[in-house]
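Working through the structure, step by step
Residues per chain are reported as follows:
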Amino acid sequence: MSRAIYPGSFDPVTLGHLDIIKRSSEIFDEVIIGVLNNTSKSPLFSLEERVNMLNEVVSDIPNVKAVSFDGLLVEFAKENDIKVIVRGLRAVTDFEYELQMAQSNRKIAPDIDTLFLTTNIEYAYLSSSIVKEFASYGVDVNELVPELVALELKKKMGIDK
Ligand code: COA
């Protein structure tokens, strides 16, 4: 059985992420969304909230589930018999960082490969930070994130309608 991990912070999940998740689910038998408990970032949503939102938005994709992880990605992958890491490339600016990460991961885990999917051009500019910034100014983010996430963002920002 082919199993892949799509790791990230997902604070929060965007339609750009969801596009990568859907396309990965058609390539692999099982896709685990690995939500990093990232101590170097100060997330808006707690780890539990991020995992729960992801599981809600992928509930119609039977071979995908979100879980949290700590520590090294490749260690988590090994423990779960995962041989492929999926990452999305939005623009050439992502490439250098992603290449370095993929090569570093391969150095310590030669059996694990990184597969890059090019992000849908529609979402090439998108990031979780942009979504949070828009939401904080009351900009409608319905075209950028799943409906549930847009609602949760409004709650976090204290916007009622
Ligand atoms: N659509 C929309 N946004 C996207 C996107 C897409 N397809 N792909 C990436 N992004 C955005 C994210 O929203 C995020 O935006 P933000 O910075 O505004 O929050 C940004 O790009 C990058 O974040 P993310 O994909 O979450 O990566 P990350 O850099 O936070 O984490 C890990 C990357 C989790 C893979 C990496 O940190 C990791 O593996 N950590 C574990 C420790 C480890 O193993 N370290 C060794 C690595 S060599």
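Remember, it's a predicted structure, so these values are computed and weren't measured experimentally. (Residues numbered from 1 in each chain as written. Predicted model: local features only at pLDDT ≥ 70, side-chain atom pairs only at ≥ 80, totals over all residues. Heavy atoms only, no water.)

1. Some points on the packing of helix α2 (residues 47-57) against helix α6 (residues 147-156)
Which entries qualify depends on this criterion: Note on geometry: axes are C-alpha line fits, over the in-contact stretch for helices, and angles between N-to-C directions span 0 to 180 degrees. Note on conventions: DSSP H or I runs of at least 4 residues are helices, E runs of at least 2 residues are strands, and numbering of each starts at the N terminus. Oblique is the label for any angle not covered by the other classes, which are roughly parallel (under 35 degrees), roughly antiparallel (over 145) and roughly perpendicular (65 to 115). Here a residue-residue contact requires only that any non-hydrogen atoms of the pair lie within 4.5 Å. Gly falls in the polar group here, along with every residue not listed as nonpolar (Ala, Val, Leu, Ile, Met, Phe, Trp, Tyr, Cys, Pro) or charged (Asp, Glu, Lys, Arg).
The geometry of α2 relative to α6 is characterised by a closest axis approach of 10 Å and an angle of 150° between their N-to-C directions. The orientation of α2 relative to α6 falls into the category roughly antiparallel. Together, Glu49, Met53, Glu56 and Val57 of α2 and Leu148, Val149, Glu152 and Lys156 of α6 make up the contact between the two elements. Class assignment of the residues belonging to the contact of α2 with α6 gives a composition of 4 nonpolar, no polar and 4 charged.

2. Looking at the site of the ligand
Keep this limit in mind: Near, as used in this document, describes a residue that has one of its heavy atoms within 4 Å of the molecule or strand being considered. Any N or O atom pair separated by 3.5 Å or less is treated as a polar contact, with the protein-specific requirement of one donor-capable and one acceptor-capable atom, and with residues adjacent in sequence counted only for side-chain atom pairs. Calculation of accessible area relied on Shrake-Rupley with a 1.4 Å probe; when residues are assessed, cover is drawn exclusively from the protein chains displayed.
Around the ligand, the surrounding shell holds 24 residues, and the nearest of these are Ser9, Leu73, Tyr97, Ser128 and Ser129. Measuring from an oxygen atom of the ligand, one finds a side-chain N or O atom of Arg87 at 3.2 Å. Contact between the ligand and Tyr97: an oxygen atom at 2.9 Å from a side-chain N or O atom of the residue. For the ligand, whose accessible area on its own is 950 Å², the fraction buried by protein is 82%. Where the shell around the ligand is concerned, the elements lending two or more residues are β1 (3-8), α1 (15-27), α4 (92-108) and α5 (128-136). Considering only residue class, the shell around the ligand consists of 9 nonpolar, 12 polar and 3 charged.

3. Some remarks on the packing of aromatic side chains
Rules: Pairing of aromatic rings covers Phe, Tyr and the six-membered ring of Trp, with a centre-to-centre limit of 6.5 Å; geometry is then stacked below 30 degrees between planes, edge-to-face above 60, and tilted otherwise.
On inspection of all chains with the given rule, the structure shows 2 aromatic pairs. Taking 5.4 Å as the distance between ring centres and 65° as the angle between the ring planes, the aromatic pair formed by Tyr6 and Phe10 counts as edge-to-face.

4. Brief notes about the pairing of strand β3 (residues 64-69)
The criterion, for reference: In this scheme, strands are said to pair when DSSP sees at least two bridges between them.
Across 6 bridges, strand β2 (residues 30-36) lies against β3 in parallel orientation. By the bridge assignment for β3, Val35 is matched with Ser68.

5. Regarding the pattern of salt bridges
Heads up, the condition is: What counts as a salt bridge is simple: a side-chain nitrogen of Lys or Arg found within 4 Å of a carboxyl oxygen of Asp or Glu. Think of it in three bands: with a 1.4 Å probe and only protein chains considered, a residue is buried below 20% of the maximum accessible area for its type, exposed above 50%, and partly exposed in between.
By the definition in use, this model includes 10 salt bridges. With a closest N to O distance of 2.9 Å, Arg90 and Asp94 form a salt bridge. Take Arg90: its relative accessible area is 35%, and that puts it in the partly exposed class. On the basis of relative accessibility, which here comes to 13%, the residue Asp94 falls in the buried class. Between Glu152 and Lys155 there is a salt bridge; the shortest N-O distance is 3.1 Å.

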